[in-house]
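Structural characterization, general
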Amino acid sequence: MPGDRFTLTAGALTLQDLRSFWEAPRPLDLAPASYDAIRASAETVAAVVAEGRTVYGITTGFGSLARQTISADQVAELQSRLVRSHSTGVGPALDDRVVRLILLTKINALARGHSGIRAAVIDRLILHLNEGLYPVIPAKGSVGASGDLAPLAHLSGVLLGEGQIRLNGEPRPARAVMDEHGLAPIELAAKEGLALLNGTQVSTALALHGLFQAADIFAAALAAGALSVDAALGSDTPFDPRIHALRGHEGQIDVAARLRALLQGSEIRQSHLDCDRVQDPYSLRCQPQVMGAALDVMRSTARSLTIEANAVSDNPLVFPDSGEVLSGGNFHAEPVAFAADMLAMAMAEIGALSERRTALLVDATMSTLPAFLVAEPGLNSGFMIAHVTAAALASENKMLSHPASVDSLPTSANQEDHVSMAAHGARRLSDIAQNVAGIVAIELMAAAQGIDLRRPLKTSPKLIHAMEAVRAEAAFLEDDRLLAPDIEALTELVLSGWFSARLLEDDLLS
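Here we summarise the structure given alongside this text. Note that the coordinates shown come from a computational prediction; the quantities given were computed from them, not determined experimentally. (Residues numbered from 1 in each chain as written. Predicted model: local features only at pLDDT ≥ 70, side-chain atom pairs only at ≥ 80, totals over all residues. Heavy atoms only, no water.)

This next bit is on the overall build of the protein. On a plain count of helices and strands, the protein comes out with 21 helices and nine strands. Computed over the C-alpha atoms, the radius of gyration of the protein is 26 Å, within 12% of the 24 Å expected from 2.2 N^0.38 for a compact globule of 510 residues. Dimensions of the protein along its principal axes, counting C-alpha atoms only, are 85 × 50 × 45 Å. For the protein, buried positions account for 57% of its 510 residues. As displayed, the protein has an accessible area near 20,500 Å², and 54% of this comes from carbon and sulfur atoms. Taking the 40 positively charged and 59 negatively charged side chains of the protein as two groups, their mean positions are separated by 1 Å. (Helix = DSSP H or I, 4+ residues; strand = E, 2+ residues; numbered from the N terminus. Rg over C-alpha atoms; globule rule 2.2 N^0.38 Å. Buried < 20%, exposed > 50% of the residue type's maximum accessible area, 1.4 Å probe, protein only. Areas by Shrake-Rupley, 256 points an atom, 1.4 Å probe, with all protein chains shown as cover. Lys, Arg positive; Asp, Glu negative; His and termini not counted. Charge placed at Lys NZ, Arg CZ, Asp CG, Glu CD.)

Structure (structure tokens):
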């Protein structure tokens, strides 16, 4: 169901705003005050054309063709040809959640009044967002500079009545959908095609998509880690606030506090306060250090991507106050590429730590639980191969988390001689997220099994709440059965945001 109506003040999107549009459609109105700046910017571009000034992308060709001057009577045609020629994307279509973020951030950037685009074009983009007329955007084809050209060309093409629109999950020819909605194709004016195509909105939306998944997975991983501590008869002493205050990292301090809260009141913990175990393995003991570092990366990524979501990143930029049109390089998505690379590594480590805890639980020597967490091991294999799946996913993430930003390949006849590779660096975050969600799902299932095997002792009240959610999807394993459906169901639970909203009940990224 659509969310509450949202009034956009250009350049003022918060992370919470962005997440709300990612989670569900939400009708948008542009704040009336934005239209004066939009109008002034478009009038500045019109003056450039009228005066016959030579300005990149307005009265010249593009990229390495920038030295080619375009006559006044061809300026508008130049823009529509630009959209058509750049619509070269390949691969599967982007998720509707990502497309909503692309539309939102493109509207936001254009509405700041430095792109030289008319209000009518921005209003049409708003209509597409509000009516769920989502452009079908192929996922591949951007190198992250000069902006996300190919995918944004597919977004822009639907304004011309070309390409495809996905409505209610069904892709259809754009012109047919527009006819049904009484929409005529837009004739682009000077600079408008370039303003639509230039920008980092696709890379940014993909990175936000990964970030929001990462936040939900992180909350589930905290719960899984706490359950594993109790299941393995681990200690909560390593989470003592005095230890973490001496190091000083905010994420580490916060994770330790959350783990203490999750474990508070556990009968299992009280049962072995005086045991002879001196220290737990790192995967239990060092959760605040590892998960805290990941949380710090996620928060840094959130700050960077929120800035980028509010940025004007096309080129050239229009400054109506002085009448100048300046050519720069805000389209270079290096900040997004770095953010995506760091987030990829953090997510991979969340999964790596979770896999190690599952390995610990299935090892009878380490956990003091039945081998592979099942009665009659030997006759039953229990969680043996579920752990192998977790190991496979964790290892795949090592490959996927290799930095994309360190790569560059010159394009456009060496005019664009260094690029960010932000788009695929951000796009692979979803693959990593799916893997980590699966790893954490397996740990949740294994840790819940371990907790049940400690009966009649009970875990903490908060973790009992988590156990109930797990058991609603995956029953206790008495004897071997197909575990793939359980893993799939718990993976969906991890990605649903339940652990963030219902267990931790706070915003990890703030």
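Here the focus is helix α20 (residues 484-495). In this model α20 runs 17 Å from its N-terminal to its C-terminal C-alpha over twelve residues, within 8% of the 16 Å that 1.5 Å per residue would give. All of the buried residues along α20 are Asp486, Ile487, Ala489, Leu490, Thr491, Leu493 and Val494. On its buried side, α20 packs onto α9 (201-231), α18 (422-453), α19 (461-471) and α21 (498-504). Phi turns positive one or two residues past the end of α20, at Gly497, with a value near 90°. (Expected span 1.5 Å × (residues − 1). Contact = heavy atoms within 4.5 Å.)

Moving on, we get to the layout of surface pockets. Taken as a whole, the largest pocket holds about 310 Å³ of empty space. Looking at the largest pocket, it is lined by 15 residues, and the ones nearest its centre are Arg19, Glu23, Asp216, Ser500 and Asp507. Of all elements in the fold, only α1 (15-23), α9 and α21 reach the threshold of two or more residues within the lining of the largest pocket. The class makeup of the residues in the lining of the largest pocket is six nonpolar, four polar and five charged. (1 Å grid on protein atoms, 1.4 Å probe; cavity = no way out; pocket = protein on both sides within 12 Å on 5 of 7 lines; lining within 4 Å. Points joined across faces, edges and corners; volume = space filled by probe spheres on them. Nonpolar A, V, L, I, M, F, W, Y, C, P; charged D, E, K, R; others polar.)

The interhelical angle for the contact between α9 and helix α11 (residues 250-263), taken along N-to-C directions, is 55°, at an axis separation of 10 Å. Between α9 and α11, the angle falls in the class oblique. In this structure, α9 crosses over α11, and the sense of that crossing is right-handed. Residues Phe218, Leu222, Ala223, Ala226, Val229 and Asp230 of α9 touch α11, and the partners they reach there are Val255, Arg258, Leu259, Leu262 and Leu263. (Axes fitted to C-alpha atoms, helices over the stretch in contact; angles between N-to-C directions. Parallel < 35°, antiparallel > 145°, perpendicular 65-115°, else oblique. Left-handed = near helix turned anticlockwise from the far one by under 90°.)

Turning to the packing of aromatic side chains, a few remarks are in order. Evaluated as defined, the whole model comprises three aromatic pairs. Each ring, one from Trp22 and one from Phe212, has its centre 5.2 Å from the other, and the planes form 50°; the classification is tilted. Residue Trp22 is found in helix α1, and its partner Phe212 is found in helix α9; the two are separated by 190 residues along the sequence. What makes Trp22 buried here is its relative accessible area of 4%. Seen from their ring centres, Trp498 and Phe499 are 4.9 Å apart, and the 85° between their planes marks the pair as edge-to-face. (Phe/Tyr/Trp six-rings, centres within 6.5 Å; stacked < 30°, edge-to-face > 60°.)

The subject of this paragraph is a negative patch on the surface. A grouping of Glu376, Glu478, Asp479 and Asp480 is seen on the molecular surface, where their side chains present a negatively charged patch. Relative to the elements of secondary structure, Glu376 occurs in the loop between α16 (364-367) and α17 (384-400). In this structure Glu376 comes out as exposed when scored by relative accessible area, which is 52%. (Patch = residues over 30% accessible without salt bridge, like charges linked within 9 Å, V, L, I, M, F, W, Y side chains within 5 Å. Salt bridge = Lys/Arg side-chain N within 4 Å of Asp/Glu carboxyl O.)

Note that Glu355 resides in helix α15 (residues 334-362). Taking relative accessible area as the criterion, Glu355 reaches 8% and is therefore assigned buried. Contacts of Glu355, omitting those with residues within four sequence positions, involve His387, Ala390, Ala391, Ala394 and Ile439.

Together, Met384, Ile385 and Val388 make up a nonpolar patch on the protein surface, roughly 240 Å² of accessible area in all. Look at Met384 and you get partly exposed, because its relative accessible area is 31%.

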